[in-house]
Amino acid sequence: MTAKILDGNALAQKLRAGFKTRAEALAAQGARPGLAVVLVGENPASQVYVRNKVNACAQAGFHSEKICYPPDVSPQAVLDKIAELNADPAIHGILVQLPLPKHFDADAVLEAIAPEKDVDGFHAENVGALMQGQPRFIPCTPYGVMKFFEDAGIDLRGREAVVIGRSNIVGKPMAMLLLHAGATVTVCHSQTRDLLFHTRRADVLVAAIGRPRFVTAEMVKPGAVVIDVGINRLPGGKLCGDVDFEAVKEVASAITPVPGGVGPMTITMLLANTLEAAERTLGKM
Ligand code: GUN
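Trainee: Would you mind going over the overall build of the chain with me for this structure?
Mentor: On a plain count of helices and strands, the chain comes out with eleven helices and eleven strands. In terms of C-alpha radius of gyration, the chain reaches 19 Å, essentially the compact-globule figure of 19 Å for 285 residues. Projected onto its principal axes, the C-alpha positions of the chain cover 50 × 40 × 40 Å. Looking at the chain as a whole, 49% of its 285 residues qualify as buried. Excluding contacts between residues fewer than 6 apart, the proportion of contacts in the chain whose partners are at least 24 apart in sequence is 69%. Between the centroid of the 29 positive side chains of the chain and the centroid of its 29 negative side chains there is a distance of 4 Å.

Next comes the structure, spelled out in structure tokens:
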């Protein structure tokens, strides 16, 4: 069997088609969607992600602000800026790119963002709301993954779903969304004893590990749906995911490629959350 390729660029384009019209409608009512992206330091991958987010805003007709700080900036300066953005009516979404430098308390920074502008969904209040099945903002990467299932008509009820990775950004919210969609969910991580046992049972396998081509064909149940959240740079500069795509596509029924899979969907869902945040403010005007 050769898997169906779940094309993130095509799905992103389909979803983004309506964003510009919605943004213009909001602008006409005085609420053009606005996103502030805060970047601290010089992590090259973060620089690329932030640039892509700001460019996506421009293409969708959103206002955006990129705020960059040197790696040794004082955390208080960043907290002060967040307070300013919280009060700025032109800004509906605030995103602080992670990871932050080591001298930062990342949780304190995320908690400083007004929950109604937390388009990443990382504020404790929003994490709690998601856990209770009443999400205000769904974290962008797992939200994008759920859109693949929705678009491909994959019903998760009763399916065995295995997530590899337990990060706050992907693994944990991903598990919660799969659970709410009716899957039986297992979260595997670096201390999982028999990873193969778990992955080979998975009808849906989500890899969010951060290790190139970690998931091999023998780890995948024939016919499984495989979602690759990894973005790893190989020594030659080429991008690859956490899944050995060439081998696994011969076993899986559906698979996301890297690049062109989950990546474009993460940014798309950031735009969706920012639009949603702007639309909610209109209800309060
Ligand atoms: N770093 C890696 N992924 C993300 C994300 O989705 N949001 C933020 N803020 N930082 C990240």
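Trainee: What am I meant to see in the pattern of salt bridges here?
Mentor: Side chains carrying opposite charge are able to pair once their charged atoms draw close together. Applying the stated rule across the entire model yields twelve salt bridges. Taking the shortest distance from any N to any O, the salt bridge between Asp 155 and Arg 157 comes out at 2.8 Å. A relative accessible area of 38% places Asp 155 in the partly exposed class. Given the relative accessible area of 61%, Arg 157 is considered exposed.

Trainee: Would you explain the sheet that holds strand β4 (residues 93-96) in this entry?
Mentor: Hydrogen bonding along the main chain pairs the strands of a sheet, whether they run parallel or antiparallel. Reading across from one edge, β3-β2-β4 is the order of the three strands in this open sheet, with parallel pairing throughout. The open sheet has two free edges, formed respectively by β3 (63-69) and β4, since each of these has just one partner strand. With strand direction ignored, the average angle separating the axes of adjacent strands in the sheet is 15°. As defined by bridge partners, strand β2 (residues 34-40) adjoins β3 across seven bridges and the pair is classed as parallel. Looking across to β3, one finds that Ala 36 is bridged to Glu 65. Packed onto the sheet, helix α4 (residues 75-86) meets β2, β3 and β4 and runs at close to 170° relative to β3.

Trainee: When you look at the site of the ligand in this model, what are you seeing that I'm missing?
Mentor: Close contacts around the ligand come from Leu 95, Val 96, Gln 97, Leu 98, Asp 120, Phe 122 and Ile 169, and that covers them all. At 3.3 Å from a nitrogen atom of the ligand is found a side-chain nitrogen or oxygen belonging to Gln 97. Contacts to the ligand include Asp 120, whose side-chain N or O atom sits 2.6 Å from a nitrogen atom. Expressed as a share of its isolated accessible area of 280 Å², the protein-covered part of the ligand is 84%. For the shell around the ligand, a count of residues per class yields five nonpolar, one polar and one charged.

The rules behind these values
Residues numbered from 1 in each chain as written. Predicted model: local features only at pLDDT ≥ 70, side-chain atom pairs only at ≥ 80, totals over all residues. Heavy atoms only, no water. Helix = DSSP H or I, 4+ residues; strand = E, 2+ residues; numbered from the N terminus. Rg over C-alpha atoms; globule rule 2.2 N^0.38 Å. Buried < 20%, exposed > 50% of the residue type's maximum accessible area, 1.4 Å probe, protein only. Contact = heavy atoms within 4.5 Å. Lys, Arg positive; Asp, Glu negative; His and termini not counted. Charge placed at Lys NZ, Arg CZ, Asp CG, Glu CD. Salt bridge = Lys/Arg side-chain N within 4 Å of Asp/Glu carboxyl O. Pairing = 2+ DSSP bridges. Axes fitted to C-alpha atoms, helices over the stretch in contact; angles between N-to-C directions. Near = heavy atom within 4 Å. Polar contact = N/O pair within 3.5 Å; in protein donor to acceptor, adjacent residues only side chain to side chain. Areas by Shrake-Rupley, 256 points an atom, 1.4 Å probe, with all protein chains shown as cover. Nonpolar A, V, L, I, M, F, W, Y, C, P; charged D, E, K, R; others polar.

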